[in-house]
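# Results of the structural survey
Read off the chains here:
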Amino acid sequence: MKVLTADQIRAWDQFTIKHEPIASIDLMERAAGKCVEWLEEHGYSGKRFMIFCGKGNNGGDGLAIARMLAAKKNKVFMYIIETGQNGSPDFKTNLERLQNSSVDIHFMQSRKDFPETREGDIIIDALFGSGLSRRLEEIAEIIVEHLNHSGCEIISIDIPGGLFADRTSKGNTIIKATHTLSFQCYKLAFLVAENAEYIGKVHILDIGLHSEFFESASINAPYELINEELIHSIYKPRDPFTHKGKFGHALLVAGSYGKMGAAVLATQACLRSGVGLLTCHIPKCGYEIMQRTVPEAMVTIDPDSSVITKIDHDILKYNAIGIGPGIGTAPETKNALNDFITSHSMSLVLDADALNCIAMEKDLLTSLLPQSILTPHPKEFERLFGESKNDFERLE
């Protein structure tokens, strides 16, 4: 599954509006309806809802959700951040529609306008969507902190308020959602560990955006999520009379004393993935373990009995090389990894302790980073790493 940027998702919305065709306000209605369906299917009917909105299209989603929930006899209270700015056109349309409903509408200009919450209230966060481009401040920041300390269950629409969709949100004040109801595809923010405390459990709702846009080969998605659909798209049934030599030869560097289990599991996984031939380079201590547990794999042994100290192979005969599971972080292993990486330029899969070795050795990290990342513009550096270039240089 492609993981699109916030700009690409907005372009997908516009493509759908043009080619379905559908009015933007009706697409918003569709998205809100899917959120209400999810709430009903997950046992939220009859609850007391407190919905918090900004004045953008995310706020428009919240207004539409409020109207639909009220129409189903739920008790709904609406709170809108008043910043003195005009709302988006679809926000204003949904606000007009909501004024003809039973929903209590309140505008928040300062802390005195914040509502008191009670146990069992369900907070709907429709404050800021994936188009957010700067950190929250003033009343927006204060209301997010207020909601985070309410003790109530929070359900965010599209993305938790204050969270950037596809760059680091380090230092931001962000809603801590119990659930996030997002639309059509995953955002990068949902797939990185640093955001785990904010996103809660993510649910992707299909709102019927035009499939032609997503499937177009011209859409250059920066990231891709491996799922069952992707696996089926690349799977090729094999002729029962074909030869293993036609399906590639992989090298796996793995294992150390006490960590041969990692090497065995990685070896089994590599074979399961469909590689034709597999050579495992392991320390002497793992020779009998590997030969007995995974006899399909060929084995070469390191001169050392306990750790990897040398990766000396004719790399031209391998189609794929993986290094890391269970190799440990002994000085000899770090040196072997450094020597291998700096003397070869092929693509590698580095995992587990290989990453730990890299993190511990500045020179090894430097050899892996492309020059464009080593010396970017200071603003680009902060976007990539969430800290200033000067701060990073001090860490070096």
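In the block above lies the structure referred to throughout.
Here's a quick rundown of the structure. (Residues numbered from 1 in each chain as written. Predicted model: local features only at pLDDT ≥ 70, side-chain atom pairs only at ≥ 80, totals over all residues. Heavy atoms only, no water.)

### Quick word on the environment of valine 349
Mapped onto the secondary structure, valine 349 falls in strand S14 (residues 349–350). Each C-alpha atom, one on valine 349 and one on aspartate 339, is 16 Å from the other, the two residues being ten residues apart in sequence. (Helix = DSSP H or I, 4+ residues; strand = E, 2+ residues; numbered from the N terminus.)

### Here we look at helix H2 (residues 24–41)
Here H2 is 18 residues long and its end C-alpha atoms lie 26 Å apart, about the 26 Å a rise of 1.5 Å per residue gives. Here H2 has its buried residues at Ile25, Leu27, Met28, Ala31, Ala32, Gly33, Cys35, Val36, Trp38 and Leu39. Looking one or two residues past H2, glycine 43 carries a phi angle of roughly 80°, positive in sign. (Expected span 1.5 Å × (residues − 1). Buried < 20%, exposed > 50% of the residue type's maximum accessible area, 1.4 Å probe, protein only.)

### Section: the pairing of strand S3 (residues 75–81)
When you tally the buried positions in S3, you get six out of seven residues, the bulk of the element. The pairing of strand S2 (residues 48–53) with S3 spans six bridges and is classified as parallel. What sits directly across from cysteine 53, in S3, is isoleucine 80. For the crossover from S2 across helix H3 (residues 57–71) to S3, the handedness is right-handed. Bridging between S3 and strand S4 (residues 104–108) involves five bridges; their strand directions are parallel. What sits directly across from tyrosine 79, in S4, is histidine 106. (Pairing = 2+ DSSP bridges. Right-handed = clockwise from strand over helix to strand, strands pointing away.)

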